[in-house]
Amino acid sequence: GEFNGIHIVINSDGSTTFTFKGPTNNDGSLINPSQVPTVISVEADGSYQVTNSVITQRFDASGVVTLTAKGDINETTQGDYSLTASGGINLTATKDITAACNNLTVNAQGSASLNMQSLSIMVQAQMSVQAQQVNIQAQNMAMIQAPTITLNGITNLGGSGGQPLLTAPAQMFGIGLD
């Protein structure tokens, strides 16, 4: 049946549809013709869905939950927000992803990879990198620029098949070149 823009259907299999069309005049016409209907449906298997012209939220009996919106989705909490998945988590954006926080900690039990067109890291204070081995490889040129550079440990300049000494110091001190 329907009353004042609310239409309810109960099917023989137990599925139900509740449609809110908006308030109506005595002749059944909508008071606000631009009002879009909102439909809440419960299927025979217990799945349910809420939908209107710009958003659909579905809770499938199989355990799959979907939220589709034509506009923005905003979530706010006064406390912590936790997201846990037994499987993977995939984030895809056709534009930017921005994160703002006090501290950021990422822990990976396996490896981590970053693939991008370019990378800029700006640190206002100290930066530390610690690893068993660090390999830096550039296709063209690698530059380290600082008022003071300290190499602490056994230092090999040149590399496999390269010169045993840098060319400029060798020329300056008159060693290594004829």
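All values reported here derive from a predicted model rather than from experimental measurement.

Undergrad: Would you mind going over the overall build of the protein with me for this structure?
TA: Per the secondary structure count, the protein includes one helix and seven strands. Going from N to C terminus, the protein has its helices and strands arranged as β-β-β-β-β-β-β-α. Within the protein, the fraction of its 178 residues that count as buried is 5%. When contacts within the protein are restricted to residue pairs at least 6 apart in sequence, long-range pairs at least 24 apart make up 7% of them. As presented, the protein carries roughly 16800 Å² of accessible surface, and 51% of it is formed by carbon and sulfur atoms.

Undergrad: What is the right way to look at the pairing of strand 4 (residues 38-42) in this model?
TA: Each regular strand carries side chains that alternate between the two faces of the sheet. Across five bridges, the pairing between strand 3 (residues 16-20) and strand 4 is antiparallel. Paired with Thr16 across the two strands is Val42, which belongs to strand 4. Inspection of the sheet shows strand 4 paired to strand 5 (residues 48-51) by four bridges, in the antiparallel sense. Residue pairing for strand 5: Ile40 is matched across the bridge by Val50. In sequence, strand 4 turns back onto strand 5 through a hairpin of five residues, with Gly46 there showing a positive phi of about 100°.

Undergrad: Explain the packing of aromatic side chains here, please?
TA: Scanning all chains against the criterion turns up one aromatic pair. Ring centres 4.8 Å apart and planes at 20° place the aromatic pair Tyr48 and Phe59 in the stacked group. Here Tyr48 is found in strand 5, whereas its partner Phe59 is found in strand 6 (residues 55-59), with 11 residues between them in sequence. With a relative accessible area of 36%, Tyr48 lands in the partly exposed category.

Undergrad: Looking at this structure, I do not really get a nonpolar patch on the surface. What am I missing?
TA: A contiguous nonpolar surface patch, about 980 Å² in accessible area, is contributed by Leu114, Met116, Leu119, Ile121, Val123, Met127, Val129, Val134 and Ile136. In this structure, Leu119 sits in the loop between strand 7 (65-69) and helix 1 (167-173). Residue class for Leu119 comes out exposed when judged on its relative accessible area of 57%.

Undergrad: Where do I start with the side chain of Thr24 in this structure?
TA: One can find Thr24 in the loop between strand 3 and strand 4. Looking at Thr24, the relative accessible area reads 15%, which means it is buried. Thr24 has contacts with Asn4, Gly5, Ser29, Leu30 and Ile31, leaving out every residue within four places of it along the chain.

Conventions and cut-offs
- Residues numbered from 1 in each chain as written.
- Predicted model: local features only at pLDDT ≥ 70, side-chain atom pairs only at ≥ 80, totals over all residues.
- Heavy atoms only, no water.
- Helix = DSSP H or I, 4+ residues; strand = E, 2+ residues; numbered from the N terminus.
- Buried < 20%, exposed > 50% of the residue type's maximum accessible area, 1.4 Å probe, protein only.
- Contact = heavy atoms within 4.5 Å.
- Areas by Shrake-Rupley, 256 points an atom, 1.4 Å probe, with all protein chains shown as cover.
- Pairing = 2+ DSSP bridges.
- Phe/Tyr/Trp six-rings, centres within 6.5 Å; stacked < 30°, edge-to-face > 60°.
- Patch = residues over 30% accessible without salt bridge, like charges linked within 9 Å, V, L, I, M, F, W, Y side chains within 5 Å.
- Salt bridge = Lys/Arg side-chain N within 4 Å of Asp/Glu carboxyl O.

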